[in-house]
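Each chain, written out:
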Amino acid sequence: MDLIKPNTRINFVGKMGKAVILSLVLIIISIGSLIYHKGPNWGVEFTGGTEIHIKLAKDVSIEDIKNTLGEVGYPPEEVQRLGLQSDNEYLIRFSSELVKFEEIQVFQTELESLIEKNPQFQGGSILRVDYIGPKVGGELIRKAVISILLGCVGILIYVMMRFEFAFAMGAVIALVHDTVITLGAISITDKEFNLALVAALLTVIGYSVNDTIIIFDRIRENMKKSSKSGFKDVVNEGINQTLSRTILTGITVFLVLIPLFVLGGSVIHDFAFTLIVGVLVGTYSSIFVASAAVIYWRKRKGTLT
């Protein structure tokens, strides 16, 4: 199925200057949000402490939940809505000093009693209780960062083996671009950064590099066939030739992600949100950012024809 007509010639290279400005603005906003919020909203897996996931029978404001828990001696560090507002699901986090591991059973019993007696909580239920020690949380942060860095290094090596260094650099710049902007979207929407979102980020990295390599592959083929054409023309031709495939792949991925985002419930809502943002940004960067970086590198080295 050709969504784009075979002879389509969109001047993507001519639009890369504006695309780079757009990317810089998005990156600045993303980094600004991360600085403003003092980093991601780390989940209990990373910070340590106790986290409970509750579902209430009716909508209760976050402030009322904090006040009610504070009155019974368990002031939470943070209360966050999960999923859609109509889900009435909340994630409540307590410090590891307030609720210690050996007190979890007593804490859960008191919380169940509160849900049973308090008019605002009546009809609700506890869906999940997690406890992570502070040392384990620090270890998980280290492993999450290492896994993302190793993913980028592995991709850099793989692309360098298949293409020249400029292409590898373009692919890695696109990955960093996608990761920072996706992290920024998570930060702006104040979503909890947990292990599921680390998995989503790694999936985004894999999706983005797959899209980029397909375009690079076509550019390399065209370089062999059109030795007399300028490099910018070859890049433009390669992007146009793979455009139909890029758009169709994006649409099929969205056909899966949108139902997950809307109907998947609180458990995978944030995971689906991260993938939706990542796929959008990854598709954009495959077309505009990765190839622009290759053109810039060749120009800088004086090998741009």
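Look a little higher up for the structure.
Per chain, residues are indexed from 1 in the order of the written sequence. In keeping with the model being predicted, local features are shown solely for residues with a pLDDT of at least 70 and side-chain atom pairs are shown and tallied solely at 80 or more, while totals for entire chains, interfaces and linings include all residues. For side-chain calculations, the full set of non-hydrogen atoms in the structure is used, while hydrogens and water are omitted.

Engineer: Could you give me a rundown of the overall build of the protein, with the residues and numbers involved?
Structural biologist: What counts as a helix is a DSSP run of H or I of at least four residues, what counts as a strand is a run of E of at least two, and both are numbered from the N terminus. Of the regular secondary structure elements, the protein holds ten helices and six strands. With the C-alpha coordinates of the protein rotated into their principal frame, the extents come out at 80 × 40 × 25 Å. Burial statistics for the protein: of 305 residues in total, 47% are counted as buried. A sequence separation of at least 24 residues applies to 77% of the contacts in the protein between residues at least 6 apart. Looking at the protein as shown, the accessible area adds up to about 15,400 Å², and 63% of this sits on carbon and sulfur atoms. Charge centroids of the protein, computed over 29 positive and 29 negative side chains, lie 16 Å from each other. Residue exposure (1.4 Å probe, protein chains only): buried if accessible area is under 20% of the type maximum, exposed if over 50%, otherwise partly exposed. By the convention used here, residues are in contact when the closest approach between their heavy atoms is within 4.5 Å. Accessibility throughout is a Shrake-Rupley quantity obtained with a 1.4 Å probe, and a residue counts as covered only by protein chains that appear here. Positive residues here are Lys and Arg, negative ones are Asp and Glu, while His and the chain termini are left out of the count. Charge placement uses NZ in Lys and CZ in Arg. For Asp and Glu, CG and CD serve respectively.

Engineer: Please give an account of the pattern of salt bridges that cites residues and values.
Structural biologist: For side chains bearing opposite charge, pairing can occur when the charged atoms are close. The rule for a salt bridge is simple: a side-chain nitrogen of Lys or Arg has to be within 4 Å of a carboxyl oxygen of Asp or Glu. Per the counting criterion, the structure on display carries twelve salt bridges. With a shortest N-O distance of 3.7 Å, Arg93 and Glu51 are connected by a salt bridge. Here the residue Arg93 occupies a position in strand S4 (residues 89-94), and Glu51 occupies one in strand S2 (residues 49-55), the gap between them amounting to 42 residues. Classification of Glu51 as buried rests on a relative accessible area of 2%. Residue Glu164 pairs with Arg298 through a salt bridge whose shortest N-O separation is 3.0 Å. Taken as a pair, Glu164 in the loop between helix H5 (134-162) and helix H6 (165-188) and Arg298 in helix H10 (residues 289-301) lie far apart in primary sequence, 134 residues in all.

Engineer: I'd like a description of the packing of helix H1 (residues 12-36) against H10, backed by residues and values.
Structural biologist: In the contact formed by H1 and H10, the axes pass within 10 Å of each other and the chain directions differ by 110 degrees. Our classification of the angle between H1 and H10 gives roughly perpendicular. Contacts between H1 and H10 involve Val13, Met16, Val20 and Ser23 from the former and Val289, Ser291, Ala292 and Ile295 from the latter. Where helices are involved, their axes are fitted lines through C-alpha atoms of the stretch in contact, as for all axes, and angles between N-to-C directions lie from 0 to 180°. Any angle that falls under 35 degrees is termed roughly parallel, while one over 145 is termed roughly antiparallel, one within 65 to 115 roughly perpendicular, and all others oblique.

Engineer: With reference to specific residues and values, describe the nonpolar core.
Structural biologist: Each nonpolar core is a collection of buried residues, namely Ala, Val, Leu, Ile, Met, Phe, Trp, Tyr and Cys, held together in the definition by side-chain atoms within 4.5 Å. If you look at the biggest cluster of nonpolar residues, it comprises 46 residues, and the most contacted ones within it are Met16, Val159, Phe167, Phe193, Phe216, Ile219 and Val235. Taken together, the elements giving at least two residues each to this core come down to H1, H5, H6, helix H7 (195-225), helix H8 (231-263), helix H9 (266-287) and H10. If you look at the next biggest cluster of nonpolar residues, it comprises 18 residues, including Leu56, Ile92, Val99 and Phe121.

Engineer: Describe the sheet that holds S4, naming the residues involved and giving the relevant values.
Structural biologist: If you trace the four strands from one edge of the open sheet to the other, you get S3-S4-S2-S5, paired in antiparallel fashion. The two strands at the open ends of the sheet, each matched to only one other strand, are strand S3 (78-82) and strand S5 (125-132). If you compare each strand with its neighbour and ignore which way they point, the axes differ by 20 degrees on average. Pairing geometry for S2 and S5, over seven bridges, is antiparallel. In the strand pairing of S5, Lys55 is matched with Ser125. Against the sheet, helix H4 (residues 104-117) touches S2, S4 and S5, its axis set at about 155 degrees to S5. Two strands are counted as paired when DSSP detects at least two bridges linking them.

Engineer: An account of the packing of H8 against H10 is requested, with residue identities and associated values reported.
Structural biologist: It is the contact of H8 with H10, at a shortest axis distance of 11 Å, that shows an interaxial angle of 170 degrees. Relative to H10, H8 is oriented roughly antiparallel. Where H8 approaches H10, its residues Phe231, Lys232, Val235 and Ile239 are matched on the opposing element by Ser291, Val294, Ile295 and Arg298. Under the convention adopted here, Pro, Cys and the residues Ala, Val, Leu, Ile, Met, Phe, Trp and Tyr are nonpolar, Asp, Glu, Lys and Arg are charged, and Gly plus all remaining residues are polar. Split by residue class, the contact of H8 with H10 holds five nonpolar, one polar and two charged.

Engineer: Can you break down H7 residue by residue, with the values?
Structural biologist: Between its first and last C-alpha atoms H7 spans 46 Å; for 31 residues at 1.5 Å apiece the expected length is 45 Å, and the two agree. The term polar contact refers here to a pair of N or O atoms within 3.5 Å; inside protein, the definition further demands a hydrogen-donor-capable atom paired with an acceptor-capable atom, and it admits residues adjacent in sequence only when both atoms are side-chain atoms. Capping the start of H7 is the job of one residue whose side-chain oxygen sits 3.2 Å from the backbone nitrogen of Ala196: Asn194. An expected span of 1.5 Å times one less than the residue number is assigned to each helix.

Engineer: Give me unusual backbone geometry: which residues, what numbers.
Structural biologist: Note: most peptide bonds trans; most residues except glycine with negative phi. With a phi close to 55 degrees, Asn88 is a non-glycine residue in the positive phi region. We note that Asp190 has phi near 55 degrees; this positive angle belongs to a residue other than glycine. Mapped onto the fold, Asp190 is located in the loop between H6 and strand S6 (192-193). With relative accessibility at 36%, the residue Asp190 sits in the partly exposed group.

Engineer: How would you summarise the packing of aromatic side chains if you had to cite specific residues and measurements?
Structural biologist: Here a ring pair, both rings aromatic, is described through the centre-centre distance and the interplanar angle of the planes. Pairing of aromatic side chains here covers Phe, Tyr and the six-membered ring of Trp, requires ring centres within 6.5 Å, and sorts the geometry by plane angle: under 30 degrees stacked, over 60 edge-to-face, intermediate tilted. As enumerated under the stated definition, the model contains twelve aromatic pairs in all. Seen from their ring centres, Phe261 and Phe273 are 6.4 Å apart, and the 35 degrees between their planes marks the pair as tilted. Residue Phe261 is found in helix H8, and its partner Phe273 is found in helix H9; the two are separated by twelve residues along the sequence. Residue Phe261 is classed as partly exposed on the basis of its relative accessible area of 23%.

Engineer: Tell me about a nonpolar patch on the surface, and please be specific about residues and values.
Structural biologist: Residues enter patches when they are more than 30% accessible in relative terms and free of salt bridges; like-charged ones are connected within 9 Å and nonpolar ones (Val, Leu, Ile, Met, Phe, Trp, Tyr) within 5 Å. On the surface, Ile21, Val25, Ile29 and Ile188 cluster together into a nonpolar patch covering about 360 Å² of accessible area. Here the nonpolar patch gets three residues from one element, more than from any other, and that element is H1. Relative to the elements of secondary structure, Ile21 occurs in helix H1. By relative accessible area, Ile21 is classed as exposed at 53%.

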